There are 2 protein chains.
Amino acid sequence: MFEFRVEATSGAARSGTLTLPNGTVATPCFMPVGTQGTVRALSPADLKAVGAAMVLANTYHLHVRPGEDVVQGLGGLHRFMGWDRPLLTDSGGFQVFSLAGFRRVDDDGVEFQSHVDGGRRRLTPERATEIQWSLGADIAMAFDHVVPGGADEATARDALERTLRWLERCARRHREMLEGWKVGTGAPVHPSTFPTFRQTLWPILQGGTHRALREEGLQRILDMSAWTGLAIGGLSVGEPKPVMYAMLETLQSQIPAPIPRYLMGVGFPEDLVAVVELGVDLFDCVAPTRNGRNGSAFTPDGPVNIRNATYREDSRPLDATCDCETCTTFSRGYLRHLFVAEELLGLRLLSLHNVRYLIRLADEMRAAIRRDDFTRWASEWRRRYTKRETP
Amino acid sequence: MFEFRVEATSGAARSGTLTLPNGTVATPCFMPVGTQGTVRALSPADLKAVGAAMVLANTYHLHVRPGEDVVQGLGGLHRFMGWDRPLLTDSGGFQVFSLAGFRRVDDDGVEFQSHVDGGRRRLTPERATEIQWSLGADIAMAFDHVVPGGADEATARDALERTLRWLERCARRHREMLEGWKVGTGAPVHPSTFPTFRQTLWPILQGGTHRALREEGLQRILDMSAWTGLAIGGLSVGEPKPVMYAMLETLQSQIPAPIPRYLMGVGFPEDLVAVVELGVDLFDCVAPTRNGRNGSAFTPDGPVNIRNATYREDSRPLDATCDCETCTTFSRGYLRHLFVAEELLGLRLLSLHNVRYLIRLADEMRAAIRRDDFTRWASEWRRRYTKRETP
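For clarity, every value in this text was computed on a predicted model and none was experimentally measured. Along each chain, numbering runs from 1 in the same order as the chain's sequence is written. Labels follow written order: the first chain is A, the first ligand is 1, and so on. With the structure being a predicted model, the display of local features is reserved for residues of pLDDT at least 70 and the display and counting of side-chain atom pairs for 80 or more, all residues being used for whole-chain, interface and lining totals. As a convention, hydrogens and water are excluded, and side-chain values are obtained from all of the structure's heavy atoms.

Caption draft 1: Representation of the packing of helix H8 (residues 211–224) of chain B against helix H9 (residues 241–252) of chain B in the model. All names here are of chain B. All axes here are fitted lines through C-alpha atoms, helices being fitted over the stretch that makes contact, and every angle between N-to-C directions spans 0 to 180 degrees. Helix and strand definitions follow DSSP, with helices as H or I runs of at least four residues and strands as E runs of at least two, each counted in order from the N terminus. Closest axis-to-axis distance for the H8/H9 pair is 10 Å, and the angle between their directions is 35°. For the pair H8 and H9, the sense of crossing is right-handed. Contacts between H8 and H9 involve Arg211, Arg214, Glu215 and Leu218 from the former and Ala246, Met247, Thr250 and Leu251 from the latter. Its residues placed into classes, the contact of H8 with H9 shows four nonpolar, one polar and three charged. Helix crossings fall into two classes, left-handed where the near helix is turned counterclockwise from the far one by less than a right angle and right-handed where it is turned clockwise. The criterion used for residue contact is that any of the two residues' heavy atoms lie within 4.5 Å. Nonpolar residues are Ala, Val, Leu, Ile, Met, Phe, Trp, Tyr, Cys and Pro. Charged residues are Asp, Glu, Lys and Arg, and all others, Gly as well, are polar.

What follows is the structure, given as structure tokens:
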């Protein structure tokens, strides 16, 4: 039920199939982000129309509002949000360290202030694991301690050690719940309310921008258990991009090939191409929806800001190569009008296109890997994308 | 190409078919409002999915932004907004009198201040007609002078007389453009950029809440020309509802049966039932989308405010009788979450349901008329709708 097969490689780039309880996912795969149990401005039908295979939601946000009890009472996260394909929930570690107004970390867990109601709350590795079990995504993430991109080695070491200790506790709790689910006892939640499928837990590798810490962290994670996947966290959090690429380069040869690699929070089109070249299989980012809401659209010729007066009478589609509803139905002139007139439909149409763009980009990368032509393809793609002519 | 057939009646209620260049419309028909060339939060595909037959857009708004030249340059309003079914444009009279910060009316027309950029602009009967010809909707409306619901007889008489004088000018200009279009000369716009179909012009009957003025206005309109339809304006603008119903009752026996009757800006479900009972064929209102964006949903048991804490863990659909995407996919608990978490998808899902609700209501009314059972149907519908139990 949890299986990953690498089916083709081209240099370090890989293409494979990830099998999960709610479906299979062809990799490389871009996951749209549905932080609060909805990919902003898009419906599940929209997401299927643009070919999304797997969606990410957030434990911190759903715990704070509406609460995992509500989600579970309404049939679990899949049913709650009307998404019957694979789901992954982030553990909330990243949000506790980036969103909460106040937080106090100790070895037990983190006390923090909710960004919604200001109330004090506490997350521990066990709680984060239990919440995710209640939500019922196909993949749960271990609770991690994230430090900023420029953190020094001592700070990064401290967070890495804590993340590793927390990983053991997450894994133990997850195993207990899985056993409880299997035998119908020993779990804190009554089995009849359990999701009707099992969930897997993936560790998150931290270590900041310190190569030795990353390598040590990886070995200790691999020594701990046989994982069905591995997430790389704490990158794309403010460090220079070459530093991120250097970390991935170091790691790619050391992560066993059969383990799918999920780079968290990445990214923009150029990042996706770069990290797939460095062996990454899965990625997520709010960029397509957030940028879409700001009027910025991805195109093969680089980003287009649709609010620009240039597009006022432009009858061309946003992206002539694209098959999405936005590009096959509307002119740039109309899309600009929607943004200038502050119409809600504009937010949706650009979000829809941007998600479709990244999914098509992943499709193209898959095809290039499968014909073992990734380097040449990537170089041509970059030449066009970075030409930065106004298309 | 413009034809209306009354096919069934039940008391004063009528059901028929309106044939327009871009399609046929079964009446009674609710038209969703796409003020700025988009029905707020809904795509053309959404509108087709909920069965919308005809959409309304606004001359004032599209003239101010993006400008009728832009819309025409992008292929006309149908192509601009991606809607290939019938369209009707309001003339801008109502908006000039309700939205503009400043306005000065004289017999020639209205000078007003744009609500977008504050610039001074001028609309005359001729300009309003030319703009609508450029936009290219199936039905254009004559430019009218609207007075508030409580206007005294002298004020209402003044506005009625002006509206009648303006109607002659609109009709003359429209005839000139139609002739110009037919022979390819004499029109101010080059024929090759014309919409590829003809447009009809409907008069708007004013007269406030003064029965004698309404009757006189109607006779003078009917004496002026052979119209393909008639709009009743200046109602539902603040007067008590019984007053509006009394006006419609007076008019319904005096409007020749073969003329479709369009009551502008109405309305809520209970209004639709009441006015169809008084012989109205067409109506439009922003209520389904505006209320939807505020979290208020129409249901057969009366309105539901989805933000209410009652619905937090409610696994039922918004409206168990409804076949729309919202009701067949999501629970009330999820919809409430979307509103509480301020997610864009909520605005769309409730707008979608509310439009579908009014279209289904019109469908039901049509069926009741066709089996000559409107009065009984309406009384049962009202009993359930106004019970006002929290469903």
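Caption draft 2: Focus on the pattern of salt bridges. Residue and element names in this part refer to chain B. A pairing counts as a salt bridge when a side-chain nitrogen of Lys or Arg comes within 4 Å of a carboxyl oxygen of Asp or Glu. Tallying each qualifying case throughout the model produces 72 salt bridges over all chains. Here arginine 169 ties to glutamate 126 by a salt bridge, and the two come within 2.9 Å at their closest N and O atoms. Here glutamate 126 lies in helix H6 (residues 125–135) and arginine 169 lies in helix H7 (residues 153–183), a separation of 43 residues in the sequence. In this structure, arginine 173 and glutamate 130 form a salt bridge, with 2.6 Å as the shortest nitrogen-oxygen distance.

Caption draft 3: Representation of the relation of the copies chain B and chain A in the model. Least-squares fitting of one copy onto the other uses the C-alpha atoms of those residues that reach a pLDDT of at least 70 in both copies. Expressed as a screw operation, the relation of chain B to chain A combines 0.0 Å of axial shift with a rotation of 180°, fitting to an RMSD of 0.0 Å. Taken together, the turn and the small shift mark the pair as related by a two-fold rotation axis. Looking at the rotation axis and the C-alpha trace of chain B, the residue lying nearest is leucine 344 of chain B, at 4.1 Å. A shared interface surface links the copies, since 100% of the contact residues of chain B are contact residues in chain A too.

Caption draft 4: Layout of the packing of helix H9 (residues 241–252) of chain A against helix H10 (residues 269–277) of chain A. All names here are of chain A. One way to put it is that H9 packs onto H10 with a least axis distance of 10 Å and a crossing angle of 25°. When the interaxial angle is binned, H9 and H10 end up roughly parallel. The chirality of how H9 crosses H10 is right-handed. Only Glu270, Asp271, Ala274 and Val275 of H10 make contact with H9, whose side of the interface consists of Lys241, Met244, Tyr245 and Leu248. Taken together, the residues of the contact of H9 with H10 break down into five nonpolar, no polar and three charged. The scheme is simple: roughly parallel for angles under 35 degrees, roughly antiparallel for over 145, roughly perpendicular for 65 to 115, oblique for anything else.

Caption draft 5: Geometry of the pairing of strand S5 (residues 55–58) of chain B. Residues and elements named next belong to chain B. Side chains of S5 alternate between two faces, with Val55 and Ala57 and Leu56 and Asn58 buried alike. Note: two strands are recorded as paired if DSSP finds a minimum of 2 bridges between them. With four bridges connecting them, S5 and strand S6 (residues 87–90) associate as parallel partners. The partner of leucine 56 across the bridge, within S6, is leucine 88. For every residue, the accessible area obtained with a 1.4 Å probe (protein chains only) is divided by the maximum for its type, and the residue is called buried under 20%, exposed over 50%, and partly exposed between those limits.

Caption draft 6: View of the sheet that holds strand S2 (residues 13–20) of chain B. All names here are of chain B. The strand order across the open sheet formed by three strands is S1-S2-S3, and the pairing between neighbours is antiparallel. The open sheet is flanked by strand S1 (3–10) and strand S3 (23–27), the only strands paired with a single partner. Averaged over all neighbouring strand pairs, the angle between strand axes comes to 10°, with direction disregarded. As paired elements, S1 and S2 share seven bridges and run antiparallel to each other. Counted as the bridge partner of serine 10 is alanine 13 from S2.

Caption draft 7: A look at the nonpolar core. Counting 198 residues, the largest nonpolar core has Phe374 of chain A together with Phe374 of chain B as the members making the most contacts within it. In terms of residue count, the dominant contributor to this core is helix H14 (residues 344–370) of chain B (14 residues). Aside from chain neighbours lying at most four places away, what touches phenylalanine 374 of chain A is Ser10, Ala13, Val273, Val276, Glu277, Met365, Ala368 and Ile369 of chain A. To qualify as a nonpolar core, a set must consist of buried Ala, Val, Leu, Ile, Met, Phe, Trp, Tyr and Cys residues joined through side-chain atoms within 4.5 Å.

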